[in-house]
Amino acid sequence: MKVDMEKVTFSYSRDAFVLKDIDLVLDEPGLTCIIGPNGVGKSTLVKCINKLLIPTSGSIFLDETDVKSLNFKMLSKKIGFVPATTSDSFSMSVIDTVLMGRTPHKHLGSENEDLHIVYNILEDMNLTHLALRNNNELSAGQHQRVSIARGLAQEPDLLILDEPTANLDIRHQVMVIELLKKVAHENKITVLMISHDLNITAKYADKVIVMSTPGVIHSVGTPREVMNEDMIRYVYGMNSKILDMDGHLHIILGSAVSDDEMILLHRNECDYGN
């Protein structure tokens, strides 16, 4: 599925832009990570794509169809969304929760197929042993994995995840990211995720979208094309050292850039290719 954003702007007031004239095209399957510091509009960007927020101006197209013309039932067949946090503390079993992801595809006689898909996802997510446990009995990390499993069960063309590994330990972070990348390539879909982990992004992302303040896309490309010491210094205000280890970039963060130097960097924004 092709996602085409044209001059998308979003603001809560006339002078407070969260996104400003965003042009972005996603038309290749794979794992795409959105990175950038807090408050630059990453969550707002993805919420505009799935119509949870309506842009102040500009247009978003899914396969040349304006998102505004699609109702939420139609969107749910195309886009899956896993928020950063959910309020799913109700007394429902894990398997029933993940089955909710099959709702857009359910039809008479689909029960066996739906269960087969859900069982496979529970196994992939290492959740089989929790299948009959209630949501309100889960840890934060287990709860996050169930939310991701529900999004995968939806079998969307575009799966959007807002910080999907935020509550996971290191082992499960790697397991989830590897699974998402595998699903993206095997099923030829786009997995679009917000990430704050630069090293996971550098190792696993096929494409990286770098956002900088205020709601501007700084650069788009492969990790090697956009993740460099100048970008990290300008966007994050951090000095760093980037090493090439086993064919992957590894980022070692150093000291923070001073406030005066950050002001100077942003005054010379054109030198860093906005």
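Per chain, the residues get numbers from 1 upward, laid out in the order the sequence is written. It should be noted that, the model being predicted, local features are given only for residues of pLDDT at least 70 and side-chain atom pairs only at 80 or more, the latter also being counted only at that level, while totals for whole chains, interfaces and linings use all residues. Values reported for side chains reflect all heavy atoms of the structure, with hydrogen atoms and water molecules removed beforehand.

Draft legend 1. Spatial organisation of the packing of helix α5 (residues 140-153) against helix α6 (residues 170-186). Running from amino to carboxyl end, α5 crosses α6 at an angle of 5°, the nearest separation of the two axes being 12 Å. Accordingly, the angle class assigned to the pair α5 and α6 is roughly parallel. The segment α5 lies against α6, with Arg-145, Ile-148 and Leu-152 engaging His-172, Val-176, Leu-179, Leu-180 and Val-183. Every angle, taken between N-to-C directions, lies between 0 and 180 degrees, and every axis is a line fitted to C-alpha atoms, over only the stretch in contact when it is a helix. Helical segments are the DSSP runs of H or I of at least four residues, strand segments are the runs of E of at least two, and each set is numbered from the N terminus. Roughly parallel refers to an angle under 35 degrees, roughly antiparallel to one over 145, roughly perpendicular to one between 65 and 115, and oblique to any angle outside these ranges. In this analysis, two residues are considered to be in contact whenever any of their non-hydrogen atoms come within 4.5 Å of each other.

Draft legend 2. Geometry of the pattern of salt bridges. The term salt bridge refers to a pairing of a side-chain nitrogen on Lys or Arg with a carboxyl oxygen on Asp or Glu at a separation within 4 Å. Counting across every chain of the model gives six salt bridges. Here Lys-7 and Asp-23 are joined by a salt bridge, their closest N and O atoms 3.2 Å apart. With a gap of 16 residues between them, Lys-7 in strand β1 (residues 3-13) and Asp-23 in strand β2 (residues 16-26) connect regions that are remote in the sequence. For Lys-7, a relative accessible area of 48% gives the class partly exposed. With a relative accessible area of 42%, Asp-23 lands in the partly exposed category. For every residue, the accessible area obtained with a 1.4 Å probe (protein chains only) is divided by the maximum for its type, and the residue is called buried under 20%, exposed over 50%, and partly exposed between those limits.

Draft legend 3. Inspection of the side chain of Thr-32 at higher detail. Summarising the element assignment, Thr-32 is placed in strand β3 (residues 30-35). Other than its neighbours up to four places away in sequence, Thr-32 contacts Leu-26, Val-191, Leu-192, Met-193, Lys-207 and Ile-209.

All we've got here are geometric facts, nothing functional implied.
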